[in-house]
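Fold and geometry: a report
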Amino acid sequence: MDRMEVVRADDDRDTYYINMGPQHPSTHGVLRLRLHLDGERIIDAEPIIGYGHRAHEKMAENRDYLQFLPNTSRVDYLSGMIYNLAYCQAIEKALEIEVPERAEYIRIIAGELNRISSHLLWLGTFLLDLGGITPFLYCFDDREKILDILDSVTGSRLTYCYGRFGGVTMDVDETFLENTAAFCTYFHKRLVEYDKLVIGNVIFQERTKGVGIFAPEIAARYAVTGPCLRALGQARDVRKDEPYGIYERFDFAVPTCEKGDCFDRSIVRMEEMRQSLAIIEQALRDIPSGPVMAAKVPKRIRPPEGEYHFGVESARGHFGIYIVSDGSDIPFRMKLRTPSFAHISTMPEVLVGTMLADTVAILGSIDIVIPEIDR
Amino acid sequence: MIEEKLNELDPAIVSTAENYAVKGYCYLHKLEVARLPEAAALFCEDGFQLEMMTCVDCRESDGIFRLVYQFNIYDIAQRHLLHVDLAPDQAAPSIAAVCPGANWYEREVYDMYGVEFSGHPDLKRILMNDDYVGHPLLKDFVDTAPQVI
Amino acid sequence: MSPNFVEIFGNPWLAILVAMSAIIGYLTLNALMLIWLERKLSARIQRRMGPTEVGPYGLLQTVADMGKLISKELLTPEHVQKPLYLAAPVLVFAPVVALCSLFPVSPSWVFHDYNIALVLLLAISGTNVLGIFIAGWGSNNKYAVLGAVRSVAQNIAYEIPLILAVIPVVMTARTLSLYGITEAQSAFPYILVQPLAAIIFLIAATAETNRAPFDIPEAESELVAGFHTEYSGMRFGMFFFAEYSNMVIACGLATVLFLGGWKGPLLPGFVWFFIKVYALIVLMMWFRWTFPRLRFDQLMKFAWVVLVPLAIVNLLVTTIVLKLI
């Protein structure tokens, strides 16, 4: 459909269809948006997904629990550490394995560093879509520091397989802790710079204020979670509502805004980065010494027969793992509930009535990652 | 509480409390297919959100498809699981009218398992391509697509 | 008193040929240098290096790129409307050559001094939008048409504040000849007496040349490549050539009108002229790499609701002040 097809609608308006994607600089991966346009206004939007379907859930039914571990971080490669650790924690909860203190603290530090790196990438690509090309490189420069820190202990830069059932793979040394502390000091100043360069920029505010407002009914009907929900004023965070790991011991705020437009979502994510820094600093202060792997981990992972659910707060929202176990060491069914799937299903309702240029801003601000939609 | 309302709706609904610390959810309800739209409406009116919906292929052990609906209310973090058992060729009623978030989840179940949802506004494949033959997540699925190297 | 190029060469056709060759030669060198400058400047702003391999400091990078572009196969997609598609790059580039001949580079160097040079310049520069629109329409592609339509609307909208910002300068200088306007700035450059007009002119000129933050017609992230989506190879190169040449013309006009043209102490006239022009070009490039893009309706609103009233107010104030002096 790339010729000018003029469709005569009922009221004799000249409307046309346009495809954004699957190859498009702004759709953040292979997403196809079929837009029905009247001039510059969108009458109808249909996201067409599935271009990146890799059958993770089918793979889960054919591998045992330990063999599936590397898959988890590929589901959402930007929050790979959080997803990987979530899967480990899900099995630990089902088998009631107790994780040593030091491993819990390391998990917190690694998870929050991952959250910051995911938000930095979001910031860079969001600005890139809006036309400001420079912040993209600044964000990636900062992200390199995080990736180097995590690389030094896990061996991977993007798709981590750091967690194991009962703890983490390797212990962190003093260099890791010093580097993380140095990064925290450095990043506080960078956040101030980003506020001035990006959030304070008049053109950025013009492009994002009042654009893409999620009505609270839409958020409720489609189970929107994460920064998109917090921008509406609802302080929902899985780390506070259903604490996992040792998150109860940490003192951090859940940032919210009021209107729920693109600007509010940006503010929420910037503030979340600050809160993540606070969590990391507290963890660095309190991390005890000790083992990083539980003493007694069963050799064969066999959760008792039944169903289990485990949810974490990833960088995008509520990530849920639903496991149906039949008592064997291969999962009978594993369903990965990913936040971007819910968020992108709201697009037909949110995009109607907006303009073409706003589509790019809205898609960028809800921060979707296509691999986790398609799994 | 929602369990009482469900009980009022149909005493045949079996609700069991679960160990939240291990299982991750508070209640498990087993429903008849016919009761599904009303039960879903009950949850949605009460402020619950459909967090996830999926299907489990239990044809080998029990001869049924089990639809699993997961509702959660964030204020008090109470997660409820609904089990709806379907015979292999039976169609389930769609709750997309009551709960728009279910629209895509039902399309995914149709795509992966072949379960039809009557009353769904636009039941077509979502993850696989439109002319794909087969339903990948079935336990006896054999991939017959030509291998393109 | 300005020299007459035609007299020097005797035959007017020979004069035109020499002038055109000189201008096209200069514009080619200019494009080569500006592309290198843009890449280096953007790289340094973004904490990168920019081209470093080809030639010292990557200076020959653009030469290599031009060589690559010229050697590419000139593909014409099947579905385009051939006459329009092929004519568009030429139409975009042709006015540029004519416009360059109007600038007084130094007191003793101008191709031909018209006494209505300013009007001629503004008139011819208004035709570049025709080339852009024909490029988009002839490409027979939805994205290209969207880009072309946006470009036409944007160019028309920003012509008004552009001209309104120029009129106070003409009133102060009491002549429409570019040579004369430069001469009239012997005491002080007009930017000191017309700061608002200078700012409005700079903004409108950035919009006229389709540079960021007004580069919606070529918005990469929304419309893939806007009006030149279907162009490749040297035809695409022509659009870029024309864009950089338009930048020189816009900044050249700003220099003549507001910064005093060739006036300046110590150094010869044409050196000052080029220093000022390239300083303004660096400023325009700096804009591009700092600001995000305005949305299209905000861009139009900015022109009509902010720039035009400001320019009119400026014009009124100038009129009153000139009457009183």
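Residues numbered from 1 in each chain as written. Chains lettered and ligands numbered in written order. Predicted model: local features only at pLDDT ≥ 70, side-chain atom pairs only at ≥ 80, totals over all residues.

Things to note about the overall build of chain B
Within chain B, the regular secondary structure consists of four helices and seven strands. Listed N to C, the secondary structure of chain B is α-β-α-β-α-β-β-β-β-α-β in terms of helices and strands. In terms of overall size, chain B behaves like a compact globule, its C-alpha atoms giving a radius of gyration of 16 Å where 149 residues would be expected to give roughly 15 Å. When its C-alpha atoms are laid out on the principal axes, chain B stretches across 55 × 30 × 25 Å. Evaluated residue by residue, chain B yields a buried proportion of 40% over its 149 residues. Across chain B, the fraction of contacts at a sequence separation of at least 24, relative to all contacts at a separation of at least 6, is 46%. (Helix = DSSP H or I, 4+ residues; strand = E, 2+ residues; numbered from the N terminus. Rg over C-alpha atoms; globule rule 2.2 N^0.38 Å. Buried ≥ 20, exposed ≤ 12 C-beta atoms within 10 Å, placed from the backbone. Contact = placed C-beta atoms within 7 Å.)

Side note on the sheet that holds strand β3 (residues 49-58) of chain B
Residues and elements named next belong to chain B. Spatially, five strands are ordered β1-β2-β5-β4-β3 in an open sheet, and the strand pairing comes out mixed. Since the sheet does not close on itself, it has two edges, and those belong to β1 (14-17) and β3, each with one partner. Across the sheet, the mean angle separating the axes of adjacent strands is 20° when strand polarity is ignored. (Pairing = 2+ DSSP bridges. Axes fitted to C-alpha atoms, helices over the stretch in contact; angles between N-to-C directions.)

Describing the sheet that holds strand β9 (residues 333-337) of chain A
Residues and elements named next belong to chain A. Strand order in this open sheet of three strands is β7-β8-β9, and the pairing throughout is antiparallel. Strand pairing shows two members of the sheet lacking a second neighbour, β7 (306-313) and β9, which therefore form its edges. Shown here is a sheet whose adjacent strand axes are inclined to one another by a mean of 10°, direction ignored. Inspection of the sheet shows strand β8 (residues 318-325) paired to β9 by five bridges, in the antiparallel sense. Counted as the bridge partner of I321 is L336 from β9. With respect to the sheet, helix α3 (residues 80-95) is in contact with β7 and β8, its orientation differing from that of β7 by roughly 145°.

Things to note about unusual backbone geometry
A positive phi angle, close to 55°, is found at A:E96, a residue other than glycine. Taking the number of C-beta atoms within 10 Å as the measure of exposure, A:E96 has 10 and is therefore exposed. Located in the positive-phi region is C:R47, a residue other than glycine, with phi close to 60°. Mapped onto the secondary structure, C:R47 falls in the loop between α2 (12-45) and α3 (61-70).

Quick look at the nonpolar core
In terms of nonpolar packing, the biggest core is built from 227 residues, with A:A86, C:F201, C:A204, C:A254 and C:L257 touching the most fellow members. Sequence-distant contacts of C:L257, defined by excluding residues within four places in its chain, comprise C:V166, C:V169, C:I181, C:Y190 and C:F201. (Core = buried A, V, L, I, M, F, W, Y, C linked by C-beta atoms within 7 Å.)

Brief notes about the interface of chain A and chain B
Taken together, the contact between chain A and chain B spans 31 residues of the former and 26 residues of the latter. Listed by contribution, the elements that provide at least two residues to the side of chain A that touches chain B are α1 (56-60), α3, α8 (216-221), β7, β8, β9 and α12 (339-344) of chain A. Top element by residues in the side of chain A that touches chain B is β7(A). It accounts for five residues. For the side of chain A that touches chain B, the class distribution of residues is twelve nonpolar, six polar and 13 charged. (Nonpolar A, V, L, I, M, F, W, Y, C, P; charged D, E, K, R; others polar.)

Some points on the arrangement of the chains
Take the two pairs of chains in contact: the one carrying the most contacts is chains A and B. Regarding chain B and chain C, the two do not touch, and the least distance separating their C-alpha atoms is 25 Å.

Quick word on the pairing of strand β4 (residues 41-48) of chain A
Residues and elements named next belong to chain A. For strand β3 (residues 32-38) and β4, the ladder comprises seven bridges, and the chain directions are antiparallel. Within β4, the residue paired with L37 across the bridge is I42. Between β3 and the antiparallel strand that follows it, β4, lie two residues; G39 among them carries a positive phi value of about 75°.

Some details on the pairing of β7(A)
Residues and elements named next belong to chain A. A large share of β7 lies buried, amounting to seven of its eight residues. Judged from the eight bridges that link them, β7 and β8 form a sheet pairing that is antiparallel. When the sheet's bridge partners are listed, G311 is paired in β8 with G320.

Considerations on the interface of chain A and chain C
Each partner contributes to the interface: chain A provides 28 residues, whereas chain C provides 22 residues. For the side of chain A that touches chain C, a count of residues per class yields 16 nonpolar, five polar and seven charged.

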